[in-house]
Amino acid sequence: MKKIWDAQNGQALYAIDEEALHNRVLNKKDKAAKIASWTEWMLIGSLLFSTGIIMTAAIYKSKYEMVPMAMAALMAIVSAIIYQRRVKRLSWQNNFENSIIGNMDQALANADYQVKLSRSVRWLLLAVAGLTVAGLIASGAQWWTGALVALFFVVVYYGARWEYRTFYVSQKKNLQDMRNKLETWKDSDIDHSEYDGLI
């Protein structure tokens, strides 16, 4: 907010500092894009790394069992899908107008993408957990080994769900609330004092 003086009425008035507000929106837009990009590369790298380990072990032992091969194929396919979605996401980054609302829409689009990506990762985690347990059963491992592995995946799943709700869904909601305020701010007759939290 900027404090200005109304010489005619002799009282202080308040107005939105549009430059400061736009800078804050730009920061949120850049942050949302960086989080999405970091998540994409982290997932692609970890999936390809895991695929490489499985394939290397299979080649070294000359044992090409169905479950490990299925897991390696799944991870390779998912990493390709994530990369394809990344290319698509980057292709629409310049489709937004260069304005406060346009930049906020871009931040929201990236946040929504991150929410969907995080949700998809949890489904992938369940698939990997199922294949891992199936592989242990097929190899004749002790029941408690399968139970420990299953417990590990349960903990990881709930951790991923906590992250999904605490960070990604919350970030999207905050951006949506801010955008709604920005839309309302277009009405020049409103009391701008309620927007102190925007800048």
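Further up the page is the structure itself.
Residues numbered from 1 in each chain as written. Predicted model: local features only at pLDDT ≥ 70, side-chain atom pairs only at ≥ 80, totals over all residues. Heavy atoms only, no water.

**Topic: the overall build of the protein**
Moving on, step 1. Scanning the protein from terminus to terminus reveals four helices and two strands.
Moving on, step 2. For the protein, the α and β elements follow one another from N to C terminus as β-β-α-α-α-α.
Moving on, step 3. Residues classed as buried in the protein amount to 31% of the 199 residues present.
Moving on, step 4. Considering only contacts in the protein between residues 6 or more positions apart, those separated by 24 or more positions represent 71%.
Moving on, step 5. Of the roughly 12500 Å² of accessible surface on the protein, a fraction of 60% belongs to carbon and sulfur atoms. (Helix = DSSP H or I, 4+ residues; strand = E, 2+ residues; numbered from the N terminus. Buried < 20%, exposed > 50% of the residue type's maximum accessible area, 1.4 Å probe, protein only. Contact = heavy atoms within 4.5 Å. Areas by Shrake-Rupley, 256 points an atom, 1.4 Å probe, with all protein chains shown as cover.)

**Points about the nonpolar core**
Moving on, step 1. Counting 17 residues, the largest nonpolar core has Leu 47, Met 75, Ile 82 and Val 128 as its most contacted members.
Moving on, step 2. Elements with a contribution of two residues or more to this core: helix H1 (18-61), helix H2 (66-91) and helix H3 (100-138).
Moving on, step 3. If one sorts the elements of this core by residue count, H3 sits on top with six residues.
Moving on, step 4. One finds Ile 100, Leu 175, Met 178 and Leu 182 within the second-largest nonpolar core, a separate group that totals 12 residues. (Core = buried A, V, L, I, M, F, W, Y, C linked by side-chain atoms within 4.5 Å.)

**Looking at the packing of aromatic side chains**
Moving on, step 1. On inspection of all chains with the given rule, the structure shows five aromatic pairs.
Moving on, step 2. When the centroid spacing of 6.3 Å and the interplanar angle of 55° are considered together, the rings of Trp 41 and Tyr 83 count as tilted. Here the residue Trp 41 occupies a position in helix H1, and Tyr 83 occupies one in helix H2, the gap between them amounting to 42 residues.
Moving on, step 3. Note on Trp 41: relative accessible area 44%, which makes it partly exposed.
Moving on, step 4. With a centroid separation of 5.5 Å and an interplanar angle of 70°, the aromatic rings of Phe 152 and Phe 153 are classed as edge-to-face.
Moving on, step 5. Across from the ring centre of Tyr 164, 4.5 Å away, lies the NZ or CZ of Arg 122, which sits over that ring. (Phe/Tyr/Trp six-rings, centres within 6.5 Å; stacked < 30°, edge-to-face > 60°. Lys NZ or Arg CZ within 6 Å of the ring centre and 35° of its normal.)

**Regarding the pattern of salt bridges**
Moving on, step 1. All told, the structure shown has eight salt bridges when counted by the stated rule.
Moving on, step 2. The shortest N-O distance in the salt bridge between Arg 89 and Glu 40 comes to 2.9 Å. Pair noted here: Arg 89 is in helix H2 and Glu 40 is in helix H1, with a separation of 49 residues, a long-range link. Just as Arg 89 is buried, Glu 40 falls in that class too.
Moving on, step 3. Between Asp 112 and Lys 172 there is a salt bridge; the shortest N-O distance is 2.6 Å. Here Asp 112, found in helix H3, pairs with Lys 172, found in helix H4 (residues 143-185); they are 60 residues apart in sequence, far enough to count as distant.
Moving on, step 4. Of the residues examined, Asp 112 reaches a relative accessible area of 21% and is grouped as partly exposed. (Salt bridge = Lys/Arg side-chain N within 4 Å of Asp/Glu carboxyl O.)

**Thoughts on H3**
Moving on, step 1. Here H3 is 39 residues long and its end C-alpha atoms lie 57 Å apart, about the 57 Å a rise of 1.5 Å per residue gives.
Moving on, step 2. A positive backbone phi angle near 80° is found at Gly 140, which sits one or two residues after H3. (Expected span 1.5 Å × (residues − 1).)

**Here's the deal with unusual backbone geometry**
Moving on, step 1. Look at Ser 62: it is not a glycine, yet its phi comes out positive at around 55°.
Moving on, step 2. Within the element layout of this structure, Ser 62 appears in the loop between H1 and H2.
Moving on, step 3. On the accessibility criterion, Ser 62 (56% relative accessible area) is exposed.

**Comments concerning the environment of Asn 98**
Moving on, step 1. Mapped onto the fold, Asn 98 is located in the loop between H2 and H3.
Moving on, step 2. For Asn 98, a relative accessible area of 69% gives the class exposed.

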